[in-house]
Amino acid sequence: MDLNYSQEENAFREQVRSWLQASLPRNEPMSPREGEDDKTWLENAKRWQRRLYEAGYVALSWPKEYGGQALDPVRQSIVNDELVQARAPQLVGLSGLGLLGPTLISWGTEEQKRRYLPKILTAEEIWCQGYSEPGAGSDLASLRTRAEIVGDEFVVNGQKIWTSGAQYSDMIFCLVRTDPDAPKHRGISYILMDMHSPGITIRPLVQMTGERGFNEVFFDNVRVPRKNLVGKLNEGWIVANSTLFHERNVLGAATASQQLFNRLLDLARTIKRNGHPMTHDPVIRQRLADLEIRVEAMRFHCYRQLTDQIHGRAPGIESMVNKLVGTELNHDLATAAMEVMGDYSMLARKQEAVLDHGFWPYEWMFSLGLVIGGGTSHIQKNIIAERGLKMPKSR
Ligand SMILES: Cc1cc2nc3c(=O)[nH]c(=O)nc-3n(C[C@H](O)[C@H](O)[C@H](O)COP(=O)(O)OP(=O)(O)OC[C@H]3O[C@@H](n4cnc5c(N)ncnc54)[C@H](O)[C@@H]3O)c2cc1C
């Protein structure tokens, strides 16, 4: 691992930093947690992603013919670092950028890549993920949503659940059963569906944060062109796992933990106990030091993966660890913030005396969800044990 940046890379970092200083949106709602109505925050968030893309700072390593720049992954990691330092808002098209995009680059047809990838970059089309079903979460291969082939189309019937962002998404990448007689991991196909198709009903589910972030999605004879199949018919399981691999890296990204840690530090410096900032309290200092060590370890862990990518080495056990460590760390960061705030942590966002705009109680609840979403910590431990450490399979 070489932790030194070249002269060109340092110059690139400077360029990103000054662009962000001049262009970062200020005081505009960028997510459902900040925006009162869906339309305003969504438009702001799409505009921000488009500006960042037009400046050349989104998906830098994607191939040029689909809107990328074919740059090495170090450039993307520099941009990610600078976005964290600048406390930039998260991108609204993350599902497309982080999950579907890399999957299509590996598995999509030429037509699919040209049709979908550019609109993912510019946030013209927002994607959601249709994997989980009632009865098919950790045991995803038990899914029962059925797609029958009729002429040139799939006809889809069934139900998905916990579909994040379905209420404002334009498209969904979806796992469906195309051969009910095959063993459960076979007989699954991976298809792309237009969320505005007739026969799709979206019913919001209220999370403990009070938001309607995820949904039930029902399919009633929804017609999908056959050309929207990704990979081979009945061999969607392997494509699905490719998306899961990317998802777990997104959910475990070190950038999110660094951003949270910086905010926690600001909080502890602002709040006073016995006339002194909380950062002077020996117990809190110890806690912050412990968390910072974990955040830094995560950062260097990501550098190790970056080194593998640069040298073209296949991802190893490191990539399996990301999701487990990253999401649990984020929840611990939020828990520490709640303790720093003491009784103030009970106040809801709109109450007058609320601290840090009510960010932390929300983050505490939200981060608990991410320990579950994309595969629970228990499942991640099974994966690390079985595939990473080659231990005997759990029953
Ligand atoms: C915030 C959030 C967003 C989400 N967004 C999406 C989305 O956009 N699209 C989508 O498709 N899904 C989404 N999900 C669903 C998510 O992928 C599932 O919740 C997750 O895979 C767990 O499945 P389950 O809820 O059915 O729990 P279950 O599978 O029923 O698990 C229940 C408990 O049993 C444990 N368990 C199960 N099997 C094993 C085992 N073999 N070994 C050890 N322990 C086990 C689990 O760890 C868990 O604690 C989201 C979930 C959350 C919380």
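Here goes a summary of the coordinates provided. (Residues numbered from 1 in each chain as written. Predicted model: local features only at pLDDT ≥ 70, side-chain atom pairs only at ≥ 80, totals over all residues. Heavy atoms only, no water.)

Some points on the overall build of the chain
Just so we agree on the cut-off: The helix and strand labels rest on DSSP assignments: H or I over at least four residues marks a helix, E over at least two residues marks a strand, and numbering proceeds from the N terminus. For the radius of gyration, the atoms used are the C-alpha atoms, and the globule rule reads 2.2 Å times the number of residues raised to 0.38. Each residue gets one of three labels from its accessible area relative to the maximum for its type: buried under 20%, exposed over 50%, partly exposed in between, using a 1.4 Å probe on protein chains only. Contacts are residue-level and defined by heavy atoms, with any inter-residue pair within 4.5 Å sufficient. For accessible areas, the Shrake-Rupley method is used with a probe of radius 1.4 Å. Any residue's cover is judged against the shown protein chains and nothing else. His is not counted, nor are the chain ends, whereas Lys and Arg count as positive and Asp and Glu as negative. Taken as the charge location is NZ of Lys, CZ of Arg, CG of Asp or CD of Glu.
A tally of helices and strands in the chain yields 11 helices and 10 strands. Relative to its length of 395 residues, the chain is compact, with a C-alpha radius of gyration of 22 Å against a globular reference of 21 Å. With the C-alpha coordinates of the chain rotated into their principal frame, the extents come out at 75 × 50 × 50 Å. Out of the 395 residues belonging to the chain, those deemed buried represent 47%. Partitioning the intrachain contacts of the chain with sequence separation of at least 6 by distance along the chain shows that 71% fall at a separation of at least 24. Carbon and sulfur atoms form 52% of the exposed surface of the chain, whose accessible area is close to 20,000 Å². Averaging the locations of the 47 positively and 48 negatively charged side chains of the chain gives two centres separated by 2 Å.

Side note on the packing of aromatic side chains
Filter applied, for reference: Two rings from Phe, Tyr or Trp (for Trp, the six-membered ring) form a pair when their centres sit within 6.5 Å of each other. Planes less than 30 degrees apart are called stacked, planes more than 60 degrees apart edge-to-face, and all others tilted.
Counted under the stated rule, the structure contains 12 aromatic pairs. Centre to centre, the rings of Phe173 and Tyr190 are 6.2 Å apart; their planes meet at 5°, and the pair counts as stacked. In this pair, Phe173 is assigned in strand S4 (residues 171–177) and Tyr190 in strand S5 (residues 188–194), connecting sequence segments 17 residues apart. Here Phe173 matches Tyr190 in class, with each residue buried. Aromatic pair Phe359 and Trp360: ring centres 4.9 Å apart, planes at 90°, arrangement edge-to-face.

Some thoughts on the environment of Ile188
Note that Ile188 resides in strand S5. By relative accessible area, which is 0% here, Ile188 ends up buried. For Ile188 and Thr145, which are 43 residues apart along the polypeptide, the C-alpha to C-alpha distance reads 9.6 Å.

Thoughts on the site of the ligand
Cut-off, in case you're wondering: Working definition: residue near molecule or strand if any one of its non-hydrogen atoms lies within 4 Å of it. In the analysis that follows, any N or O atom pair within 3.5 Å is treated as a polar contact, provided that within protein one partner can donate a hydrogen and the other can accept it, and provided that, for residues neighboring in sequence, both atoms belong to side chains.
Lining the immediate environment of the ligand, one finds 18 residues, of which Ser132, Ser138, Trp162, Thr376 and His378 sit closest. Trp162 is positioned such that a nitrogen or oxygen atom in its backbone is 3.0 Å from a nitrogen atom of the ligand. Contacts to the ligand include Thr376, whose side-chain N or O atom sits 2.6 Å from an oxygen atom. Relative to its free-state accessible area of 980 Å², the ligand is covered by the protein chains to the extent of 65%. Going through the elements one at a time, helix H10 (359–372) and helix H11 (377–388) are the ones with two or more residues in the shell around the ligand.

Points about the pairing of strand S7 (residues 214–225)
Let me state the cut-off plainly: Pairing between two strands is assigned when DSSP locates at least 2 bridges connecting them.
Of the pairings in the sheet, the one linking strand S3 (residues 153–160) to S7 comprises 7 bridges and is antiparallel in character. In the strand pairing of S7, Gln159 is matched with Phe218. Summarising the sheet, strand S6 (residues 200–205) and S7 pair through 6 bridges and their orientation is antiparallel. Across the sheet, Ile202 pairs through a bridge with Val217, a residue of S7.

Focus on the pattern of salt bridges
Basically, it comes down to this: Put simply, a salt bridge is a Lys or Arg side-chain nitrogen that is within 4 Å of an Asp or Glu carboxyl oxygen.
Per the counting criterion, the structure on display carries 23 salt bridges. A salt bridge links Arg17 to Glu82; its shortest N-O distance comes to 2.8 Å. Of this pair, Arg17 sits in helix H1 (residues 7–23) while Glu82 is found in helix H3 (residues 73–85), placing the two residues 65 residues apart along the sequence. Put simply, Arg223 and Glu153 hold a salt bridge, and the shortest N to O gap is 2.8 Å. Here Arg223, found in strand S7, pairs with Glu153, found in strand S3; they are 70 residues apart in sequence, far enough to count as distant. Each of Arg13, Glu14, Arg17, Asp81 and Glu82 takes part in one network of salt bridges that share partners.

Some thoughts on helix H5 (residues 110–121)
Stated formally: A helix's residues, less one, multiplied by 1.5 Å, set its expected span. Taking the helix axis as origin, the arc is that swept by the directions to the C-beta atoms.
Given a rise of 1.5 Å per residue, 12 residues ought to cover 16 Å, and the 17 Å separating the end C-alpha atoms of H5 matches this to within 8%. For H5, the set of buried residues is Gln112, Lys113, Tyr116, Leu117, Ile120 and Leu121. Seen from one end, H5 has its buried residues packed into an arc of 130°, which puts them on one side. Phi turns positive, to about 65°, at Ala123, one or two residues after H5.

Re the nonpolar core
The test is simple: Note on terminology: a nonpolar core comprises buried Ala, Val, Leu, Ile, Met, Phe, Trp, Tyr and Cys residues joined through side-chain atoms within 4.5 Å.
Residues Trp48, Tyr190 and Leu192 are the most contacted members of the largest nonpolar core, which totals 49 residues. Among the elements of the structure, H1, helix H2 (38–54), H3, helix H4 (94–107), H5, S4, S5 and helix H6 (236–251) are those that each provide at least two residues to this core. Broken down by element, this core gets its largest block of residues, 5 residues, from H2. With near-sequence residues (within four places) excluded, Leu192 lies in contact with Leu100, Leu104, Tyr116, Trp127, Ile172, Phe173, Val224, Asn228 and Val230. If you look at the next biggest cluster of nonpolar residues, it comprises 24 residues, including Phe261, Leu288, Leu291 and Met338.

Details of the packing of helix H9 (residues 317–341) against H10
Put simply, the rule is: Between N-to-C directions, angles cover 0 to 180 degrees, with each direction set by a line fitted to C-alpha atoms, over the stretch in contact for helices. Geometric relationships in this document are graded by angle, where less than 35 degrees denotes roughly parallel, more than 145 denotes roughly antiparallel, 65 to 115 denotes roughly perpendicular, and other angles denote oblique. Here a crossing is called left-handed whenever its near helix is offset anticlockwise from the far helix by less than a right angle, and right-handed whenever the offset is clockwise. Residues were grouped as follows: Ala, Val, Leu, Ile, Met, Phe, Trp, Tyr, Cys and Pro as nonpolar; Asp, Glu, Lys and Arg as charged; and all remaining residues, including Gly, as polar.
Put simply, H9 and H10 touch, their axes get as near as 9 Å, and they point 160° apart. With respect to H10, the element H9 is oriented roughly antiparallel. The interaxial crossing formed by H9 with H10 has left-handed handedness. Across from Lys323, Thr327, Glu328, Asn330, His331, Leu333, Ala334, Thr335, Ala337, Met338 and Met341 in H9, the residues of H10 making contact are Trp360, Pro361, Glu363, Trp364, Ser367, Leu368, Leu370, Val371 and Ile372. For the contact of H9 with H10, the class distribution of residues is 12 nonpolar, 5 polar and 3 charged.

Some thoughts on the state of the cysteines
To keep it simple, the criterion reads: We call a pair of cysteine sulfur atoms a disulfide when they lie within 2.5 Å.
Enumeration over the complete set of coordinates arrives at 0 disulfides. Residue Cys128 stays outside any disulfide, its sulfur separated by 8.3 Å from that of Cys174, the closest cysteine.

Section: the pairing of S5
Counting buried residues in S5 gives 6 out of 7 residues, a clear majority hidden from the surface. Across 2 bridges, S5 lies against strand S8 (residues 229–230) in antiparallel orientation. Residue pairing in the sheet places Ile191 in a bridge with Leu229 of S8.

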